[in-house]
Every structure is written in C-alpha cells, then in structure tokens.
Amino acid sequence: MSLKNRNLVTIDDLSNGEIEAVFSLTDEMSELMDKQSAVCRGKIMASLFFEPSTRTRLSFEAAMHRLGGSVITAVDGGTTSLAKGESLADMARVIGSYADIIVIRHPWEGAAKIFADYAGVPVINAGDGGHEHPTQTLCDLYTLLKERQTIEGLNIALFGDLENGRTIHSLTYALARFGANIGFPSNAGRELPEYVKRKLTVEYRGQFKKYKDLPPAIQKRLFPLDAVYITPSSPHQLAMMPEININIEIKLKAMKAGVDALYVNRRQLERLSSIAEGEGLKEDYPVIDKKFLKGKEYKEALVMHPLPRVDELAYELDDDPKSMYFKQAARGVPIRMALLTLLLGEKEISIPAKEDLSVPKRDYPLYRHDFGFIDHNSKCVSQLDTEKRYIKPEFKIVSKEPLTLSCVYCEHEIHPQYIASSDPHHEKSLDSRKYHSANTYWVRNIKPENLIIFDTEDSAKENGFKPSYYAGASRDRNDPGKVSKEQ
Ligand code: NCD
C-alpha cells in the first residue's frame, strides 16, 4: 500500500496500521543514519517555518539531506510575500509548483489545512498554532513503543499547558486510539480545550471520570488527579461497537500499578493573550524534578517532554535512564526520513490486510451558509483578512442537541443560540422568514443543508428574520404541534 501524495495535517490522517508501518520503516532508516542514501534523490522539500523551531525544522531538513533530496526554505513570514498581503492559498499553490513536498509551521490554527487544500503536493503540519503537531506525536509514540513495546493499557500522566500545547492535543488522540489511559493531574486553568475533550469522548468513545466522582476505594489507589480518561477496551474496534461498555474498574486497577510515563510541556506563553495570563499560569505550574518523582507511583515512569524546556523540567533528571526527551528529539530524524519517503511515494508499506478502524470516520454534515462572520476562535486562520477573501465559514455539524458546530480549520466549537431555515417550504416568503431558539425541536426539523445559524437575535434580525413563537429558548423542544398551530 502507498502513502504517496497523502497529507499529514492531523494525527488522524494516519491510521494505527499506517503509523506502525511508518515505524517499521523508521527502524530501517535508523540503520541508514550514518550513510548517505539516495532514496529521495532529485526531490525537493520546502521547509516553511513561520514560528521559532529548532528540533522540528532541523530534523526535517536533516532527514531530507540524509535521503539525498534537497531543501528550500523560508523561515520568516516577514521575508515572504505574506508580508505583502498574499494569502496562504496563493503561497501554497506557488510553492507547490517549486517543491515535491511541503513542511509548514505557522502560528495560525488551520494554516496547514489550507496549504494541504491548495498546494497540490503532500503537506506535513509541523505545528499550526495551538492546534496540532502530528510529527511530534510520532516521536512520542515511537519512543513509548521502543521503551514499553506496547501502548495499549499504558497509564500516561499529562502535565503542563494542556490547553495550548499542540503536541498534547495530537498525543491525546493517538494515545486514545492505541488504548492508553490518560491521567490529568489537577491543573486548573490549563485544561484540555473542549473540542479535544469532545473528540476523546464522542469520537474515540472514551470516558472522563472526575477524581472526586470515583468510588473512595479506587480514589485511594490513585495519585491525585483531576480527571482520568479511560479508553474503550478494544479501541481498534470502535466503529463496530456503538455501545461500548468500558470496564472502568479494570482500567483503574491498572492505574494503581503506577504511571508508565509522564509527559510535560512548557508554558505556551506565545499563545496566551496577555502577560498577566502568563503570570497566572506560572504560579501553579508543575516542576518535574527528583523530589517530584519520589512518589511511588512514578517509580517506573518514563519522563517525556517535546522540548524546548524552560523551568518545568529539572536538569538534574538528564542522567536518569528514564528521561526520554533527548531520545524523543533524536528519533525525529529517522521518523521524518520514513515519513518523507512514504509521502513522496519512494517506498510502499505493508500494513495488515484487515480493515483498520482505528481512526473514527465521522462524515458530519457541513454548515456553509455565509450569514455574517462566525466568531469562534481569534487564532483561527479563517479570521485572517488575507484568507477571508476566499474562505467561507465552514463547520461540521457535530451534534444537533445541543447544537454544536466544529470549524473545519481549527476545530474549535460553537454553540449557536438561534437558527432558521433556508427551505422555502418552511418559510413561504422572504418577509415571513422566522428564526427560532436552537434549543427547540426546530433543530431536528431543519435539514443540515437548510440550516442557518445566528449568534444573537440582533444578527438574525439584521439579516431579515423575525422571531418565531419558538425564539424564546424555554419553549418545549418536543412539541412540534404547537408550532404548526402558530404557522
Ligand atoms: C513543541 C512545539 O513547537 O509545539 N516543540 C517541538 O516541536 N518539539 C513544543 C513547544 O514549543 O513547547
């Protein structure tokens, strides 16, 4: 099977079988590290880093050099035509005509998707703002597998800035898919974003359990956590088992056995909106040092970090054989060699013939109406003036009750308050068009392709809609009869 011309924008672009195949080629590539190979001779990789980078950029470039290919690079948006107001889509098209593969890091969430949509050559996301960083996850998973042989059933504790840490987001999806249990220590203010939690529970069918909600007997056996995320017992069969019974007791007993790995990241200061927010985060930020690791639950724990570190990871741990962070970084080169080789189609991979259901496939209906701009995340690429010229708001309708839409670029979610229909059968003439509360049965009645959403009643009225009897949120969502009388 070939991965030729595939993109890697999110870790879910690769199934578990494909990730394992990348890793077996990584093993081969590790053998080639001190030799000059010609696997990608004649190929050009564009390395575009519009945010600081040491490991990711240099390991991608080292990987391409070791494969015998060439590298063209731009490392500062200010020196490219982006500074002249060029859109990412135009830039992607142009660079796609110069290079065979593109690696991009960009501060805006969703930028890598735009590149993938327009470049016409494979695009690898090397970090898009606070959204995802899938190749770091490959380094993390590969390290776990090398050290622990399996990921299924491992207990991984995540510390640090879970909200803004893109490596954490991609890693949680992968850990869930491979069947690890994830522990979230108490760290108010830096929790996973809501959209990540929704994916973990709805799409990967795991469960979040608050520490305080667990039976006392189990609590006693756990180190203090804020929440535990428990994956279904057979994650690879997710799609086949709509009603999964998760055996919490067994999984939690496993937690008692201790933490297999703890993963920490630095405060993502550049993603915070103010210095004050950064200062707030400083106060209770974890510091992983010898003292911290004295707890018996960490006796066997690998210490992992995507680097760079600041104050959260003590240098005194560097000589400990359980400290993995420099190995994670070093493995970046053979992993990226394998990835470039496969996406360029220079080698094929063999993955087990059985159907791989590890990536939940959800064909959600799309919301594409352009009724004013939908404000959902100030860091989404769709908010940039340069991109608004050609991007229309586009959301997946991931849930109807409560109505939840997820941006196709940054995945942040919105919960619109008011809805209307563009179907002439619902609204006979323009001047009788009505809007309703999204919290009524109308949300089920309007077909996705006819749905129109509004943040506020004012915006509904500005667009020519009048309030229906069901504009008040408290109307009975299960009583369509009342509405027919109204009409
Ligand atoms: C991470 C990143 O850029 O998100 N670094 C990396 O690529 N290894 C982590 C970080 O910057 O904190």
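Our subject is the structure listed above.
Rules used throughout
- Residues numbered from 1 in each chain as written.
- Predicted model: local features only at pLDDT ≥ 70, side-chain atom pairs only at ≥ 80, totals over all residues.
- Heavy atoms only, no water.
- Pairing = 2+ DSSP bridges.
- Helix = DSSP H or I, 4+ residues; strand = E, 2+ residues; numbered from the N terminus.
- Axes fitted to C-alpha atoms, helices over the stretch in contact; angles between N-to-C directions.
- Contact = heavy atoms within 4.5 Å.
- 1 Å grid on protein atoms, 1.4 Å probe; cavity = no way out; pocket = protein on both sides within 12 Å on 5 of 7 lines; lining within 4 Å.
- Points joined across faces, edges and corners; volume = space filled by probe spheres on them.
- Near = heavy atom within 4 Å.
- Polar contact = N/O pair within 3.5 Å; in protein donor to acceptor, adjacent residues only side chain to side chain.
- Areas by Shrake-Rupley, 256 points an atom, 1.4 Å probe, with all protein chains shown as cover.
- Nonpolar A, V, L, I, M, F, W, Y, C, P; charged D, E, K, R; others polar.
- Expected span 1.5 Å × (residues − 1).
- Buried < 20%, exposed > 50% of the residue type's maximum accessible area, 1.4 Å probe, protein only.
- Phe/Tyr/Trp six-rings, centres within 6.5 Å; stacked < 30°, edge-to-face > 60°.
- Lys NZ or Arg CZ within 6 Å of the ring centre and 35° of its normal.

Student: Would you mind going over the sheet that holds strand β2 (residues 70-74) with me for this structure?
Tutor: Where strands meet in a sheet, backbone hydrogen bonds hold them as pairs that are either parallel or antiparallel. The strand order across the open sheet built from 4 strands is β2-β1-β3-β4, with neighbouring strands paired in parallel fashion. Edge positions in the sheet fall to β2 and β4 (123-128), since each of these pairs with one other strand and no more. Averaged over all neighbouring strand pairs, the angle between strand axes comes to 15 degrees, with direction disregarded. Where strand β1 (residues 44-49) lies against β2, 5 bridges are found, and the strand directions are parallel. Across the sheet, Leu 48 pairs through a bridge with Ala 74, a residue of β2. Together, β1 and β3 (101-106) form the strand contacts of helix α3 (residues 88-96), whose direction differs from that of β3 by roughly 150 degrees. Running at roughly 140 degrees to β4, helix α12 (residues 332-343) makes contact with β1, β3 and β4 of the sheet.

Student: Looking at this model, I keep getting lost on the layout of surface pockets. Mind explaining?
Tutor: Rolled over the atoms, a probe with the dimensions of a water molecule shows which regions are left empty. Looking at the largest pocket, its volume works out to about 710 Å³. As for the largest pocket, its lining consists of 26 residues, and the residues nearest its centre are Thr 10, Asp 12, Asp 13, Lys 396 and Glu 411. Counting residues per element, the ones that place at least two in the lining of the largest pocket are α4 (111-118), α7 (194-203), β12 (395-400) and β13 (403-407).

Student: Would you take a moment to explain the site of the ligand for this structure?
Tutor: Neighbouring the ligand are the residues Arg 55, Thr 56, Arg 105, His 133, Gln 136, Arg 166, Thr 167, Arg 266, Gln 268, Pro 306, Leu 307 and Pro 308. Residue Gln 268 places a side-chain N or O atom 2.9 Å away from an oxygen atom belonging to the ligand. Within the backbone of Pro 306, one N or O atom sits 2.9 Å away from a nitrogen atom of the ligand. Its free accessible area being 310 Å², the ligand has 95% of it covered by the protein chains. When grouped by side-chain class, the residues that make up the shell around the ligand number 3 nonpolar, 5 polar and 4 charged.

Student: Would you take a moment to explain helix α5 (residues 134-148) for this structure?
Tutor: Residues spaced three or four apart along an α-helix point in a common direction, a consequence of the helix completing one turn every 3.6 residues. Compared with the 21 Å implied by 1.5 Å per residue over 15 residues, the 21 Å span of α5 between its first and last C-alpha is a close match. Along α5, the residues that are buried comprise Pro 134, Thr 135, Gln 136, Thr 137, Leu 138, Cys 139, Asp 140, Leu 141, Tyr 142, Thr 143 and Leu 144. Backbone geometry just downstream of α5 places Gln 149 in the positive-phi region, at approximately 70 degrees.

Student: Explanation requested: the pairing of β12 in the structure shown.
Tutor: Within a regular strand, the side chains alternate between the two sheet faces. In terms of strand pairing, strand β11 (residues 366-367) meets β12 through 2 bridges, oriented antiparallel. Its bridge partner lying in β12, Tyr 367 is registered against Phe 395. Pairing between β12 and β13: 5 bridges, direction antiparallel. The partner of Ile 397 across the bridge, within β13, is Leu 405. The loop that links β12 with its antiparallel partner β13 comprises 2 residues.

Student: What should I look at first to understand the sheet that holds β12 in this one?
Tutor: Read across the sheet, 4 strands follow the order β11-β12-β13-β14 without closing on themselves; strand pairing throughout is antiparallel. Each end of this open sheet is capped by a strand with a single partner; those strands are β11 and β14 (413-414).

Student: Explanation requested: the environment of Arg 55 in the structure shown.
Tutor: Looking at the secondary structure, you find Arg 55 in helix α2 (residues 55-66). Classification of Arg 55 by relative accessible area gives partly exposed; the value is 26%. For the pair formed by Arg 55 and Gly 332, sequence separation is 277 residues and the distance between their alpha carbons is 7.8 Å.

Student: Which parts of the structure should I look at to understand the packing of aromatic side chains?
Tutor: Two aromatic rings are characterised by how far apart their centres lie and by the angle between their planes. Scanning all chains against the criterion turns up 12 aromatic pairs. With centroids separated by 5.3 Å and ring planes inclined at 80 degrees, the aromatic side chains of Phe 159 and Phe 292 adopt a geometry described as edge-to-face. Taken together, the positions of Phe 159 in strand β5 (residues 155-159) and Phe 292 in the loop between α10 (275-283) and β10 (302-304) put the pair 133 residues apart, joining distant regions of the chain. Judged by its relative accessible area of 6%, Phe 159 is buried. You can call Phe 292 partly exposed: its relative accessible area is 26%. In this structure an aromatic cluster arises from ring pairing among Tyr 441, Trp 442, Tyr 469 and Tyr 470. Over the face of the ring belonging to Tyr 173 we find Lys 199, whose NZ or CZ atom lies 4.2 Å from the ring centre. One Lys or Arg, Arg 309, reaches over the ring of Tyr 315 and ends 3.6 Å from the middle of that ring.

Honestly, it's all geometry; don't read function into it.
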